[in-house]
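# Observations on the model geometry
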Amino acid sequence: MDTPLINALEALKKENRISFHTPGHKKGRAYESMDDGGIQENLYQYDTTEVFGTDQLQDPTGAIKESQQWTARVFQSPEAYYLVNGSSAGVLAMILSQTKPGDEILLPRDVHQSVIHALILGDLTPRFIQPEIDPQFKIPKGITLPQVQEGLEKYPKCKGVLLTHPNYYGRPGEIREIRRMTREFGKILWVDQAHGAHLGLHPQLPLSGIDAGADLTVTSFHKTLPAMTQSAVLFAGGEVVDRERLLEQLNMHQSSSPSYILLASIEQGTRHYAKAGKEKMQVLLEAIESFEQKFRRLGLFQLDTAPGKDRTKIWIHTENSGRTGHEVETYLRENHGIDMEFSMPQGLLALTSIGNREKDLKKLYLAFEELEETLYNKVKMEKFSEKYSKEAKEGFFEKEVERDKKEPLGLPIRTAFYSRKERVSINKSVNRVAGSAVTPYPPGIPLILPGEAITRGHRDQLLEYEKRNIKVIGIKAGKIMVVAEE
Ligand SMILES: Cc1ncc(COP(=O)(O)O)c(C=O)c1O
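Residues numbered from 1 in each chain as written. Predicted model: local features only at pLDDT ≥ 70, side-chain atom pairs only at ≥ 80, totals over all residues. Heavy atoms only, no water.

## Some points on the overall build of the protein
Regarding its fold elements, the protein presents 17 helices and 17 strands. For 486 residues, the compact-globule estimate of 2.2 N^0.38 gives 23 Å, and the protein sits close to it at 22 Å. With respect to the principal axes defined by its C-alpha atoms, the protein has extents near 65 × 60 × 50 Å. Scored against the burial criterion, the 486 residues of the protein give a buried share of 57%. Put simply, 72% of the contacts in the protein that link residues at least 6 apart link residues at least 24 apart. Carbon and sulfur atoms form 50% of the exposed surface of the protein, whose accessible area is close to 21,600 Å². (Helix = DSSP H or I, 4+ residues; strand = E, 2+ residues; numbered from the N terminus. Rg over C-alpha atoms; globule rule 2.2 N^0.38 Å. Buried < 20%, exposed > 50% of the residue type's maximum accessible area, 1.4 Å probe, protein only. Contact = heavy atoms within 4.5 Å. Areas by Shrake-Rupley, 256 points an atom, 1.4 Å probe, with all protein chains shown as cover.)

Here you go:
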């Protein structure tokens with residue numbers, strides 16, 4: 001078949017589904033009330049390279065430098081660096097530029113895979129903080145000051161602290177207090193704010209890493225602002241940041257032919273942020289407020305409205321309905337043309353942005369109202385098999401939570417990664433040492449890290465993922481990579 005990818009994209013376009021996922025421009029709808037900087041109209045004209053006048057991302061001195069300075073001013077950060085390989089490149093550069101092989105860093109266990117990649121590449125030793133799990137919603141909470149204090153007292157050699165803020169579920173870390181502490185202890189603060197480029201747009205949103213004065217804060221413009229996929233910005237605040245090493249590392253993790261479309265899209269994201277962002281965020285938060293109010297009428301589904309969370313990430317808990325988040329996600333897609341960001345057994349996430357319209361949220365509510373009626377009346381249920389309620393009763397969700405109680409590392413992460421490795425079936429992997437990460441995607445948070453001893457809990461979890469056809473990077477034909485036995 002010719003052009004299978006284009007065909008798939010064309011089919012998606014025709015279906016015209018509602019987007020509660022990235023990118024934040026929501027299929028270009030964000031540009032209905034504001035132009036896109038001429039990108040769509042001039043796609044091929046703007047897709048250029050380093051010619052006279054276009055500057056060079058690797059060592060900017062002209063238009064790119066000015067654009068970065070403007071973005072820094074808009075976000076009130078001393079410096080901004082444009083990223084065309086997403087926050088992933090920014091995470092690698094920010095960590096690797098401020099550490100050397102053998103350094104220790106303090107970080108939550110539920111970090112994105114790009115942080116794990118930095119540990120492997122930089123030969124860094126992770127000192128993990130286990131995030132607490134919210135007992136009601138069974139999702140990880142943000143990192144607290146006492147957790148960081150305990151970590152720094154236990155591992156005083158740590159070069160710095162990395163926070164994911166807010167986390168994938170919108171839960172923030174205690175960033176202001178943690179910033180104070182990292183200063184007191186003389187440690188770097190890295191903030192992975194991939195999910196929070198929009199935080200500065202409203203006082204009700206969590207404080208951003210930039211405003212808290214973090215040394216380095218990476219933001220995916222494409223996730224929560226109107227910008228194209230892969231466009232992201234790294235903000236540098238701290239005086240301790242070694243700028244030369246930072247630029248060197250950025251150039252190691254980015255293409256030497258950066259897309260000017262993406263660079264232009266970042267700049268347009270800044271323009272949108274500066275000119276209309278606050279007003280649109282106010283409208284979005286009001287629409288979310290009214291969504292939340294209506295949603296309270298439902299008995300089978302609950303929203304996470306924890307104080308201080310980023311409410312633009314709507315976490316819907318499905319456990320009381322006896323349906324998994326995956327099932328509800330499928331239901332929304334098939335019956336209402338609604339696409340969510342991701343699902344877990346206990347719930348699912350709608351990612352909103354200033355590109356969403358109030359009517360999107362109305363449709364989402366009506367879909368849940370209908371689902372609730374359907375479930376109460378036990379009609380039209382042939383799509384949902386009884387096994388899911390059975391699993392709920394048997395405590396599948398509790399198994400999910402256990403996933404976060406990690407065993408100690410069996411081998412250092414880099415040693416395991418570069419060892420001789422072999423693939424074994426999931427069933428035979430228990431008590432072996434993982435050779436590569438095993439990562440359900442989304443959210444891209446590794447369940448198993450290289451070097452970790454594989455437990456029965458891991459095995460059960462992976463078998464569940466297999467059974468539910470959830471995409472897990474690292475499983476091939478039912479097998480995972482472990483360190484070979486001599
Ligand atoms: C917490 C976190 N950090 C970093 C990234 C990487 O961002 P990007 O997709 O822009 O490379 C992601 C992506 O999902 C993420 O969830």
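Picking up after the structure, the text goes on.
## Looking at the sheet that holds strand 10 (residues 313-317)
Across the sheet, which stays open at both edges, the four strands sit in the order 9-10-13-12 with antiparallel pairing between neighbours. Unpaired on one side and paired on the other, strand 9 (302-303) and strand 12 (342-344) mark the two borders of the sheet. Pairing of strand 9 with strand 10 involves two bridges; the strand directions are antiparallel. Across the sheet, residue L303 finds its bridge partner in strand 10, namely I316. Contacting strand 12 and strand 13 (347-351), helix 12 (residues 325-336) crosses the sheet at an angle of about 145° to strand 12. (Pairing = 2+ DSSP bridges. Axes fitted to C-alpha atoms, helices over the stretch in contact; angles between N-to-C directions.)

## Let's talk about the domain arrangement of the protein
One frequent convention defines the size of an interface as the accessible area lost when the parts assemble. Taken domain by domain, the protein holds domain 1 (43-274), domain 2 (275-394) and domain 3 (406-483). When domain 2 packs against domain 3, the two sides together hide about 540 Å² of surface, and 59% of this comes from carbon and sulfur. For the pair domain 2 and domain 3, the number of links is zero salt bridges. Where domain 2 meets domain 3, there are zero residue pairs in polar contact (both at pLDDT 80 or more). A per-class count over the side of domain 2 that touches domain 3 returns two nonpolar, two polar and two charged. (Domains from an automatic or database assignment. Buried area = accessible area lost by both parts, 1.4 Å probe. Salt bridge = Lys/Arg side-chain N within 4 Å of Asp/Glu carboxyl O. Polar contact = N/O pair within 3.5 Å; in protein donor to acceptor, adjacent residues only side chain to side chain. Nonpolar A, V, L, I, M, F, W, Y, C, P; charged D, E, K, R; others polar.)

## Observations concerning unusual backbone geometry
Look at the link from T22 to P23: it is a cis peptide, with omega at -5°. Here P23 shows up in the loop between strand 1 (18-20) and helix 2 (43-46). P166 follows H165 through a cis peptide bond whose omega is -10°. Secondary-structure assignment places P166 in the loop between strand 5 (160-164) and helix 7 (175-185). Backbone geometry at Q76 places phi at a positive 55°, although glycine is not the residue there. Note that Q76 resides in the loop between helix 3 (63-74) and strand 2 (79-83). Here N431, not a glycine, exhibits a phi torsion of approximately 75°, which is positive.

## Observations regarding the packing of aromatic side chains
In the structure shown here, the tally under the stated rule is 13 aromatic pairs. Ring geometry for F75 versus F235: centroids 5.0 Å apart, planes at 35°, classification tilted. Taken together, the positions of F75 in the loop between helix 3 and strand 2 and F235 in strand 8 (residues 232-236) put the pair 160 residues apart, joining distant regions of the chain. Like F75, the residue F235 is buried in the burial classification. Measuring from centroid to centroid gives 6.4 Å for F295 and Y365, while their planes differ by 70°, and the two rings are edge-to-face. Here F295, found in helix 11 (residues 260-295), pairs with Y365, found in helix 13 (residues 358-377); they are 70 residues apart in sequence, far enough to count as distant. Just as F295 is buried, Y365 falls in that class too. Ring pairing ties together the aromatic residues F291, F295, F301, Y365 and F368, which thus form one cluster. (Phe/Tyr/Trp six-rings, centres within 6.5 Å; stacked < 30°, edge-to-face > 60°.)

## Re the site of the ligand
Taken together, G86, S87, S88, H112, S114, T164, D192, A194, H195, S220, H222 and K223 make up the full set of residues near the ligand. Take D192: an N or O atom from its side chain is 2.6 Å from a nitrogen atom of the ligand. In this structure, H195 approaches the ligand through a side-chain N or O atom, which is 2.6 Å from an oxygen atom. For the ligand, whose free accessible area comes to 390 Å², the fraction covered by protein is 90%. For the shell around the ligand, the secondary structure elements donating two or more residues are helix 4 (86-96) and helix 9 (221-224). If one sorts the elements of the shell around the ligand by residue count, helix 4 sits on top with three residues. (Near = heavy atom within 4 Å.)

## Description of helix 6 (residues 145-154)
Among the residues making up helix 6, those that are buried are Q147, V148, G151 and L152. Projection of helix 6 onto a plane perpendicular to its axis shows the buried side chains occupying an angular sector of 125°, all on one side. In helix 6, the exposed positions that point more than 90 degrees away from the buried face belong to P146, E150, E153 and K154. Taken together, the buried residues of helix 6 touch strand 3 (104-108), strand 4 (125-129), strand 5 and helix 7. (Arc of directions from axis to C-beta.)

## What about the nonpolar core?
In terms of nonpolar packing, the biggest core is built from 52 residues, with F301, L332 and F368 touching the most fellow members. Per element, the largest residue contribution to this core is 12 residues, and it comes from helix 11. Viewed by domain, this core spans two of them, domain 1 (43-274) and domain 2 (275-394), each represented by three or more residues. Non-local contacts of F301, meaning those with residues more than four positions away in its chain, are made with F295, I316, H317, T318, S321, V328, F368, L371, E372 and L375. Ranked by size, the runner-up nonpolar core spans 30 residues in total, among them L83, A93, L124 and I413. (Core = buried A, V, L, I, M, F, W, Y, C linked by side-chain atoms within 4.5 Å.)

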